[in-house]
Amino acid sequence: MILVINCGSSSLKYELFTLSDECSVANGIAERVGVNGGTEAVLKHRCGGSSRETRTPMPDHAVALRQVLDALVGCECRALDSLDQIRAIGHRVVHGGERFSESVVIDDEVIAAIEAMCELAPLHNPANLVGIRACQQLLPRVPQVAVFDTAFHQTMPVHAYLYGLPYELYEKHGIRRYGFHGTSHRYVSGIASDMLLERGLPREEQKIVTCHLGNGCSMAAVKGGKCVDTTMGLTPLEGLLMGTRCGDLDPAVPLYLMDQLKMTNKQVDTIMNKESGLLGVSGVSNDMRDIQRTKAENPRSQAALDIFCYRVRKYIGAYAAAMGGVNAVVFTAGIGENDPPLVAQVMDGLEFLGLYLDPVRNAQPKPNSIGWDLATDDSPGRIYIIPTDEERTIARDAKQLVAAL
Ligand code: AMP
């Protein structure tokens, strides 16, 4: 069995996969870990079609992991007979900086490197480390693997990753564009690549634009299997409009808020990360379903939707220019996989790039599949929906690296 762990500052998400064919056996989340001493913590565990919620104190992530392991061994469908069945643990780690362009087996040196990257991802890397340490404590003999959100984007060329800032800021402080959601972009571009290959287009000639549109949103340009650009930057704030994040912004705006409106940097940070995006523009919600539902009566919901779609369309055009064409656009994540009207709005007007959406295929219900092609039969470029699977990708990396030990 392979255990995949995704630790946030107050949460621990997990999923258990079989070693042989990476089938998901159980998953869940421990929430409100360490909040108010962990007294309000809850474990939501799903296994074999049933789910259960347990409220139990979880003062820290080690206690939360203990609860998770107990649930895996103790649940009615017995996801595990014993902890000895866990052969590998895969951790989602947000920031791998320039050091990691691939997943790695975790040792003391890797831990030190992840620690050094905490400055670049102060909200995420420390939480990821807490998860790694909790696993070391409770499952000391099980090899662990780190899978980085930034790794897939490490192939970006200098002109895509450097900001137009003094070079010393890059050299001394690592201030550059890194990109995130790399595991998702890698997975869906890999599936899209298989689909294009089936149509006779060799991998090295493929130009794919991936759109990960969920709570967080980012896009990537993938040429010949390698990422050549992505919309997120030093942090996951840059690029597309998101649920509560503003995305691209004149860098003078935060200065204006501080100088003219006398806001503190904490207030500006809160505005840009938590009060902007779909929520900030619409005043209704950060959830695209609410935006779609209210757009007819609320012009601000319509504006939020229009900004969202316009930016995605603009980046598709930009990435077509960056790659010298585009053979496929891929939609994935919560919004990308479930919102046909939004896909239609984004693609409307992109026929000049050879991308023709079939409105019937777009509107049809999508039974379980690895992906769907929404383009018309004679469209030169393809338009795919491919459900992302970051956890399984992490499990696969863990399996491969541990097998080679
Ligand atoms: P994710 O981060 O991939 O889990 O995506 C979560 C987001 O997907 C939610 O905040 C919603 O905005 C969006 N979402 C989920 N289902 C739908 C749907 N049927 N239509 C539009 N948006 C959806």
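As a reminder, the structure under discussion sits directly above these lines.
This structure is a prediction, so every number in the text was calculated from the model and none was measured.

Draft legend 1. Representation of the overall build of the protein in the model. When helices and strands are tallied, the protein shows 15 helices and 14 strands. Overall size of the protein, expressed as C-alpha extent along the three principal axes, is 55 × 55 × 45 Å. Across the 405 residues of the protein, 50% fall into the buried class. Across the protein, every contact between residues at least 6 apart in sequence was considered, and the portion connecting residues at least 24 apart equals 61%. Approximately 18,400 Å² of the protein is accessible, and the part contributed by carbon and sulfur atoms is 52%. Distance between charge centres in the protein, computed from 39 positive and 48 negative side chains, equals 2 Å.

Draft legend 2. Seen up close, the layout of surface pockets. Considered as a void within the structure, the second largest pocket measures approximately 530 Å³ in volume. Along its surface, the second largest pocket is lined by 23 residues, and Ser 103, Arg 186, Thr 393, Asp 397 and Gln 400 are the ones closest to its centre. Listed by contribution, the elements that provide at least two residues to the lining of the second largest pocket are strand S8 (144-148), helix H6 (182-198), strand S11 (226-230) and helix H15 (390-403). Per element, the largest residue contribution to the lining of the second largest pocket is 6 residues, and it comes from H15.

Draft legend 3. Inspection of the site of the ligand at higher detail. Taken together, Gly 214, Asn 215, Asp 287, Met 288, Arg 289, Ala 333, Gly 334, Ile 335, Asn 338 and Asp 339 form the complete shell of residues around the ligand. Here Asn 215 contributes a backbone N or O atom positioned 2.8 Å from an oxygen atom of the ligand. Coverage of the ligand by the protein amounts to 71% of the 500 Å² it exposes when considered alone. Looking at which element gives the most residues to the shell around the ligand, the answer is helix H12 (residues 333-338), with 4 residues. Here the residues of the shell around the ligand sort into 3 nonpolar, 4 polar and 3 charged.

Draft legend 4. Inspection of helix H3 (residues 125-138) at higher detail. If you check H3, its first and last C-alpha atoms are 20 Å apart, about what 14 residues at 1.5 Å a residue would give, namely 20 Å. Those residues of H3 not exposed but buried are Asn 125, Ala 127, Asn 128, Leu 129, Gly 131, Ile 132, Ala 134 and Cys 135. Among the structural elements, strand S1 (2-7), helix H1 (61-74), strand S6 (88-93), helix H2 (108-116) and S8 are those in contact with the buried residues of H3.

Draft legend 5. How the structure looks around the sheet that holds strand S12 (residues 328-332). Here 6 strands make up an open sheet; going across it, the order is S11-S10-S9-S12-S14-S13 and the pairing mixed. Each edge of the open sheet is held by one strand with a lone partner, namely S11 and strand S13 (372-373). Looking at chain direction, S12 and strand S14 (residues 382-385) are connected through 4 bridges and run parallel. Looking across to S14, one finds that Phe 331 is bridged to Ile 385. On the sheet, H6 packs against strand S9 (207-213), strand S10 (217-223), S12, S13 and S14 and is oriented at approximately 135 degrees with respect to S9. Sheet contacts for helix H13 (residues 340-347): S9, S12 and S14; angle to S12, the most-contacted strand, approximately 150 degrees.

Draft legend 6. Geometry of the packing of aromatic side chains. For the coordinates displayed, the defined rule picks out 4 aromatic pairs. Judged by centre distance (5.7 Å) and plane angle (50 degrees), the ring pair of Tyr 315 and Tyr 319 falls under tilted. Here Tyr 319 and Tyr 315 lie together in helix H11 (residues 299-323), a separation of 4 residues that amounts to about one turn. Each member of the pair, Tyr 315 as well as Tyr 319, is classed as buried. Here a set of aromatic residues connected by ring pairs shows up, and it is made of Tyr 161, Tyr 167 and Tyr 170.

Draft legend 7. Representation of empty space enclosed by the protein. Counted by the stated rule, this structure contains 1 cavity of 30 Å³ or more. Its boundaries defined by the atoms lining it, the largest cavity holds a volume of some 50 Å³. Lining the largest cavity are His 45, Arg 46, Cys 47, Ser 50, Ser 51, Arg 52, Cys 75, Glu 76 and Cys 77. Of all the secondary structure elements, the ones that give two or more residues to the lining of the largest cavity are strand S4 (42-47) and strand S5 (50-55). Residues belonging to the lining of the largest cavity are distributed by class as follows: 3 nonpolar, 3 polar and 3 charged.

Conventions and cut-offs
Residues numbered from 1 in each chain as written. Predicted model: local features only at pLDDT ≥ 70, side-chain atom pairs only at ≥ 80, totals over all residues. Heavy atoms only, no water. Helix = DSSP H or I, 4+ residues; strand = E, 2+ residues; numbered from the N terminus. Buried < 20%, exposed > 50% of the residue type's maximum accessible area, 1.4 Å probe, protein only. Contact = heavy atoms within 4.5 Å. Areas by Shrake-Rupley, 256 points an atom, 1.4 Å probe, with all protein chains shown as cover. Lys, Arg positive; Asp, Glu negative; His and termini not counted. Charge placed at Lys NZ, Arg CZ, Asp CG, Glu CD. 1 Å grid on protein atoms, 1.4 Å probe; cavity = no way out; pocket = protein on both sides within 12 Å on 5 of 7 lines; lining within 4 Å. Points joined across faces, edges and corners; volume = space filled by probe spheres on them. Near = heavy atom within 4 Å. Polar contact = N/O pair within 3.5 Å; in protein donor to acceptor, adjacent residues only side chain to side chain. Nonpolar A, V, L, I, M, F, W, Y, C, P; charged D, E, K, R; others polar. Expected span 1.5 Å × (residues − 1). Pairing = 2+ DSSP bridges. Axes fitted to C-alpha atoms, helices over the stretch in contact; angles between N-to-C directions. Phe/Tyr/Trp six-rings, centres within 6.5 Å; stacked < 30°, edge-to-face > 60°.

That's the geometry; what it means functionally is another story.
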